[in-house]
Amino acid sequence: MRGLVQEFVVRDYGGVKGGVVHAVSGVSFDVWPGETLGIVGETGSGKSTLARSVLQAPRPKEGTVVFRGADLVTLRGSRLLQARRHLQMVFQDPFGSLDPKWKVRDLVAEPLIAYRVGDRAARRHRVDQVLELVGLDPAAHGDRRPRELSGGQAQRVAIARALAIEPAMIICDEPVSSLDVLIQAQVLNLFERLRAELGLSYLFIAHDLALVKQVSDRVAVMYLGKLCEVGPGEEVYRQPLHPYTRALLDSVPGSTTALATKTIRGEPPSPVHPPSGCRFRTRCPRAEQRCADEEPAMRELAAGHSVACHFPLVPAADTQARSEEKIGDTPR
Amino acid sequence: MNTVSGPLLEVENLKVSFPGRRGELRAVNGMSYSLYSQQTLAIVGESGSGKTVSCRALMGLLPQAAVVTGSVRFAGAELLGLTDDEMRRHRGTNLAMVFQDPSRSLNPTMKVGNQIAEAVRVHRRVSKAEAREQAIELLRLVHIPVPGRRFHEYPHQLSGGMRQRIMIAIALACRPKLLIADEATTALDVTTQAQIMELLLELRAELGMTLMLISHDLGLARSCADEVIVMYAGQIVEQASTPQLFTHVRMPYTEALFEAIPRLERPAHSPLPVIGGRPPDLSALPVGCSFAPRCRRAADDCRTTAPPLAEHEPGHRWACWHPCGDGDPNLWTLRCCRCAAWSRSSWSGTMAG
Amino acid sequence: MSAPLPDLLPAPDAAIAAPVRKKAPGRASSLRVWLPLGFLVLLAAACFIWPQIYPVPKPVGGSILEAGLPPLSPGHILGTDPNGNDVLSRILYGGQVSLEVGFSVTVIGLVIGGSLGMAAGYWRGITDTSIMRVLDVLIAFPALVLALAIAEGLGPSELHVIWALAIFSIPAFGRIARSNTLAIREQDFMLAARLSGTRGRHIILRHVIPNILPQLMTFALLGFGIVIILEGALSFLGLGIPLPEPSWGSMIAQGQQVLSATPEQALIPSAFLFATVVSLNVLGDALRERWGVR
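As a starting point, this report considers the structure included with it. These figures come from a predicted structure and were not determined experimentally.

**Structural notes on the nonpolar core**
Stage number 1. By size, the foremost hydrophobic cluster in this structure holds 196 residues, and its most contacted members are V108, V157 and L203 of chain A together with I116, A181 and M212 of chain B.
Stage number 2. Take this core: its biggest share by element is 8 residues, from helix α7 (residues 181-198) of chain A.
Stage number 3. With sequence-adjacent residues up to four places away left out, V108 of chain A is seen in contact with V127, V130, L131, V157, A160, R161 and A164 of chain A.
Stage number 4. Within the second largest apolar cluster, 54 residues are counted, among which are M118, A120, L216 and F224 of chain C.

**A short note on the sheet that holds strand β1 (residues 9-20) of chain B**
Residues and elements named next belong to chain B.
Stage number 1. In spatial order, the strands read β2-β1-β4-β5; together these 4 strands make up an open sheet with antiparallel pairing. Looking at the sheet topology across the chains shown, the edges are occupied by β2 (23-35) and β5 (77-78).
Stage number 2. Relative to β5, strand β4 (residues 67-74) runs antiparallel, the two being bridged by 2 bridges. Paired with F74 across the strands is A77, a residue of β5.

**Side note on the sheet that holds strand β7 (residues 178-182) of chain B**
Residue and element names in this part refer to chain B.
Stage number 1. Pairing in this open sheet of 8 strands is mixed, and the strands run β6-β7-β8-β3-β9-β10-β12-β11 from one edge to the other. The open sheet has two edge strands with one neighbour each: β6 (95-98) and β11 (310-313). Ignoring which end each strand starts from, the neighbouring axes of this sheet average 25° apart.
Stage number 2. Both β11 and strand β12 (residues 316-318) contribute to a ladder of 3 bridges, which runs antiparallel. Each bridged residue has a counterpart across the sheet, and for E313 the counterpart in β12 is H316.
Stage number 3. In this fold helix α7 (residues 160-171) packs onto β6 and β7, with an angle of close to 170° to the strand it touches most, β6.

**Things to note about the environment of Q186 of chain A**
Stage number 1. Relative to the elements of secondary structure, Q186 of chain A occurs in helix α7.
Stage number 2. Sequence separation between Q186 of chain A and G152 of chain A is 34 residues, and the spatial gap between their C-alpha atoms is 8.3 Å.

Parameters at a glance
- Residues numbered from 1 in each chain as written.
- Chains lettered and ligands numbered in written order.
- Predicted model: local features only at pLDDT ≥ 70, side-chain atom pairs only at ≥ 80, totals over all residues.
- Core = buried A, V, L, I, M, F, W, Y, C linked by C-beta atoms within 7 Å.
- Buried ≥ 20, exposed ≤ 12 C-beta atoms within 10 Å, placed from the backbone.
- Helix = DSSP H or I, 4+ residues; strand = E, 2+ residues; numbered from the N terminus.
- Contact = placed C-beta atoms within 7 Å.
- Pairing = 2+ DSSP bridges.
- Axes fitted to C-alpha atoms, helices over the stretch in contact; angles between N-to-C directions.

Spatial relationships are all this shows, so hold off on functional conclusions.
Here is the structure:
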């Protein structure tokens, strides 16, 4: 276990010419060593932009990203490369993230070559080692090209590449969304095993709440560029404080015996013109005038569990929500 | 559920194969089922299971190279082997399909209202004005607010959920009796997905339609369908009514699917019980049961003879020599109990690398 | 913003994706590659190698006595031209010119235009703007007028033809290279390469070039044909290869004068020109399909 403290404090905005797309607006969180922080959000929530901003690709407009003592936002060029060395990323589309013309071995060796790790023999050894670690046979798969691999195998190669230079933290941007159910489970187990064996931290981004909760210690929910709720996974699931989290939970098919009676209303607003005050208010069944006037700040309502809402679903006050919560399923 | 006149759709021994580089690729390998009027059927499977190909065969949308045999009867009329013109008469009025990605299925240069109106005019001889009226009516039917104004918008101005509603409106243009939704909500957010599914069920009730859902999402099937078919390697491996399937799963593959899905009740970091391997190569299917190489219950007879799909219990068909018994607790109905979850997962866990 | 698209249809976990999307390369496809390629190789061999090893009548300096012989005359398979020169040998030597010009212009365009385009597309910003402005200036010159100017000013020669056409071909390749680079740039694997620590130059060399090369190559093949035609046109107008050196274009021009009497004088070089360009086009198209270039 590496004893280094890894902290993120990210406050950033995304911008686009000709109308500003507020992709991410003032998001702050920390990730502790060995922890998995899951970020859940739908399309337009800004979670992917967040992931890329953390990696400075592109550099966020404002904010700080402190990783192993260095603020990545202030660094440039080779200093940025060095500081970012132990931070890697796995992408959603395994085939898009691997150069189709390269062989598996070269793909995995690329970071080793770029950071000048070892000599050729040492690099080859490391490539083999890391391929075995992700469950691929170096002899069988090493000389293949991505199109000769299946989705699951390609994603393993991407993970192997991320592991090659011994990162401390891996940002996973929807890494299993494009995989079949059974392969998805295999890859998730792989993530868990690597976490246990190598002591990695993850920033795990997905749109599937159950998936995120499965792999995370803490879960953060994003909506339209802002964080709604952050807390331990079990807590967020059992006692969601933000109405949006509640709506997400209700919308998961099969989580209730019938389709949610309170399906969320309306369409997501455009990120170019986000609603004033609380961004969720246009679709929130609990919205009131205050929500339009004042943007809610993130408040800690329970141990380690914060929410940004003027009228959070506090259990004592909200008995209706309580009775509709179903833990587990009842057969029809 | 049974109408007096018999099943609305009857598929008998449907086989679809493509000439492949390594030999004939059997995408669908003998599929037979019946669909009754006003029923909601979900066909569930992973990629390569043949679910999409079989539906495209129904609609006559397969490429020229495909070899299709068997019989597909819609209200008695045979659909396979029809010419394009004949098929076109069925499409829209009898059968309609909603596809996965609305941004790829809509014409980006045409106003959405016109696209719906066009669909109306293909099948009915009405004036342009009349078609426009019907298009606006359809927009209202799919709950698009301010339909008169939305008529004039282009697809890129609409969100994913709205676009999918437009697709549904186009499919419904001529009030088809059967609507096939091919992964219609897969590309959508979960909240939008819930809205669209609610819409589809509502339309089914309102228009007396029959609904066929194709998906990889078992949860979706569970909450929306009356009957579920599970496919693997081009064949039906299990079929039952929804409650029956989810409480008394028989086919080990279906069970593996249940177990592999992350569920909210599971504790964090618990390993997902998962089976190793990959679906078989469709051009070189193994002798015997296609699932045998990956099945933890496989025995010698599984590898030599393919089990037939038979109705072993009323309303519940499966194809397995050694199905899961009644005694096994079904994980799907397990309550949030850590002990049970852990013991179950360790018992069934052969985790892949 | 990312749209969660669990796109299961093309997932190659099952082999079904392959036949539904691309057809297996059948005999027809292969034929479309090998037939034109074979023709071009034969032509090149005939033009460049054969005259070295087999005595072919000189393309120039024929005697008037032998003028205007029809094809299949003894010693002159394709006959002679109005000046008494052997047509076949003029075809072969003229072919040399066409192929040389075509090749040189294409290679210059590919290397210079391609590099500029890639640099513009990858680094964007001011590099992109300045390079594209330069290329825009080049492309603004009408090729034939420029060739005329050069020919008038410096006198017609093969080299000058190459220069004139290169000014046309560099921006063409530059544009193609730039747009392809832009398309690739947004892909995840480029970001992944940057995150792996690879620097700009290496990224271009090892990631961009291998991925845009198929597009550039097919464009080059098609461009080759266009250049040959342009060279033919220039020579036809008298702005290209100066007489009496043979060139297909000038042969067609000469043949035009005796079209009613001996049409084969114009038809034979035209036929060769046609066959060559068609071969290049068919080959380019077939390779484009093979390599999946859009």
